[in-house]
Amino acid sequence: MMAKLVLSMDGLVLKEIMLTKERTTIGRKPHNDIQIDNLAISGEHALIVCILNDAFLEDLNSTNGTYVNSQPVKKHVLKDGDVVELGKYRLKFIKDAPEFAAGSTFEKAFIAAPEANKLTSSSPRGHTDTMVGFGVETSVSDASSTSGWNAPEGAPQSKGNEPVGMVQILSGRNAGRELELSKSLTTLGKPGSQVAVITRRPHGYFLTHVEGDSFPILNGRQLDAQAHLLNDQDVIEIAGVKMGFYLRPLG
């Protein structure tokens, strides 16, 4: 991904910043990737997470807020030409690479309300914004362990022949439902609480934290901000729902 930000104030371009990192922080303090030394800017004001061909903007509970195209946002998927407003400063988002502008493969698979429970990508929202709900209305029992779960019959134990990744719900009212990770980017979680993404890369599937104070749990261990390679029959917990990741052979 070769996107960039154009920083300006009062119409005067100050500099251009290439988004070469997965996580780019914006704020007044010196440790930020983009430091804006102005009292209207919080010490740690906002964060941009770049994963494959998508960029997520998140306001980090700043004092004066983060705006995109004059609208206040907490969480926003950046589009080409969006203008991020921080006080008097403007950051114009430009999708620089040709493949970036060709169309996003972003797919949302939020753990949402029960009425969105159909695990399908045929939603009228379109191929770039498919809402898939797993449901969190029912309580999740922690009494039974899922650490030794078995993938459905026929799932491979290795990565031979480029199998496709699958997620199976292991807890709650939707236990047993499956989601095929056919897109380059699939988002899982509960907006406003905890959100993570699974990215499909040439050398495997990776789980990355995107939103929320607590990080996803993988095989009983809480992750950090880095991307983590998923292995066959891993157990993931996001927003209180346990899921099993497995690899299914093509064909």
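Here the structure is a predicted model, which means the values were calculated and not measured.

**Notes on the overall build of the protein chain**
Thought 1: Counting secondary structure elements, the protein chain contains one helix and 22 strands.
Thought 2: Expressed as a percentage of the 251 residues in the protein chain, the buried residues total 45%.
Thought 3: Sequence-distant contacts, at least 24 apart, represent 45% of the contacts inside the protein chain between residues at least 6 apart.
Thought 4: Summed over all atoms, the accessible surface of the protein chain reaches about 12400 Å², with 47% contributed by carbon and sulfur.

**Here's the deal with the packing of aromatic side chains**
Thought 1: Enumeration according to the criterion identifies one aromatic pair in this entry.
Thought 2: Above the ring of Phe206, the side-chain terminus of Arg201 is found at 4.7 Å from the ring centroid.

**Points about the pairing of strand S5 (residues 46-51)**
Successive side chains on a regular strand alternate, one facing one side of the sheet and the next facing the other.
Thought 1: Counting buried residues in S5 gives six out of six residues, a clear majority hidden from the surface.
Thought 2: Going residue by residue along S5, you find Ala46, Ile48 and Cys50 tucked away on one face and Leu47, Val49 and Ile51 tucked away on the opposite face as well.
Thought 3: The sheet contact formed by strand S3 (residues 23-27) and S5 spans four bridges and is antiparallel. Within S5, the position partnered with Thr25 by the bridge is Leu47.
Thought 4: In the sheet, S5 pairs with strand S6 (residues 54-59) via six bridges, with the strands oriented antiparallel. Each residue of the ladder has a partner; that of Leu47, found in S6, is Glu58.
Thought 5: Turn length for the S5-S6 hairpin, with the two strands adjacent in sequence and antiparallel, is two residues, and the turn residue Leu52 shows positive phi of about 50 degrees.

**A short note on the sheet that holds strand S9 (residues 75-77)**
Adjacent strands of a sheet pair through backbone hydrogen bonds, lying either parallel or antiparallel.
Thought 1: Strand order in the open sheet formed by five strands is S4-S3-S5-S6-S9, and the pairing between neighbours is mixed. Unpaired on one side and paired on the other, strand S4 (34-35) and S9 mark the two borders of the sheet.

**Some words on the layout of surface pockets**
Thought 1: For the largest pocket, the calculated volume is near 330 Å³.
Thought 2: For the largest pocket, the lining is made up of 15 residues, of which Glu58, Leu60, Glu211, Gly212 and Asp213 are closest to its centre.
Thought 3: Looking at the lining of the largest pocket, the elements with two or more residues in it are S6 and strand S17 (204-211).
Thought 4: No other element matches the three residues that S17 contributes to the lining of the largest pocket.
Thought 5: Computed from the structure, the second largest pocket encloses a volume of approximately 220 Å³.
Thought 6: Lining of the second largest pocket is provided by twelve residues; of these, Glu162, Pro163, Pro202, Gly204 and Tyr205 occupy positions nearest its centre.
Thought 7: Going through the elements one at a time, strand S16 (194-201), S17 and strand S22 (241-248) are the ones with two or more residues in the lining of the second largest pocket.
Thought 8: The residue inventory of the lining of the second largest pocket, partitioned by class, reads six nonpolar, two polar and four charged.

Reading guide: rules and limits
Residues numbered from 1 in each chain as written. Predicted model: local features only at pLDDT ≥ 70, side-chain atom pairs only at ≥ 80, totals over all residues. Heavy atoms only, no water. Helix = DSSP H or I, 4+ residues; strand = E, 2+ residues; numbered from the N terminus. Buried < 20%, exposed > 50% of the residue type's maximum accessible area, 1.4 Å probe, protein only. Contact = heavy atoms within 4.5 Å. Areas by Shrake-Rupley, 256 points an atom, 1.4 Å probe, with all protein chains shown as cover. Phe/Tyr/Trp six-rings, centres within 6.5 Å; stacked < 30°, edge-to-face > 60°. Lys NZ or Arg CZ within 6 Å of the ring centre and 35° of its normal. Pairing = 2+ DSSP bridges. 1 Å grid on protein atoms, 1.4 Å probe; cavity = no way out; pocket = protein on both sides within 12 Å on 5 of 7 lines; lining within 4 Å. Points joined across faces, edges and corners; volume = space filled by probe spheres on them. Nonpolar A, V, L, I, M, F, W, Y, C, P; charged D, E, K, R; others polar.

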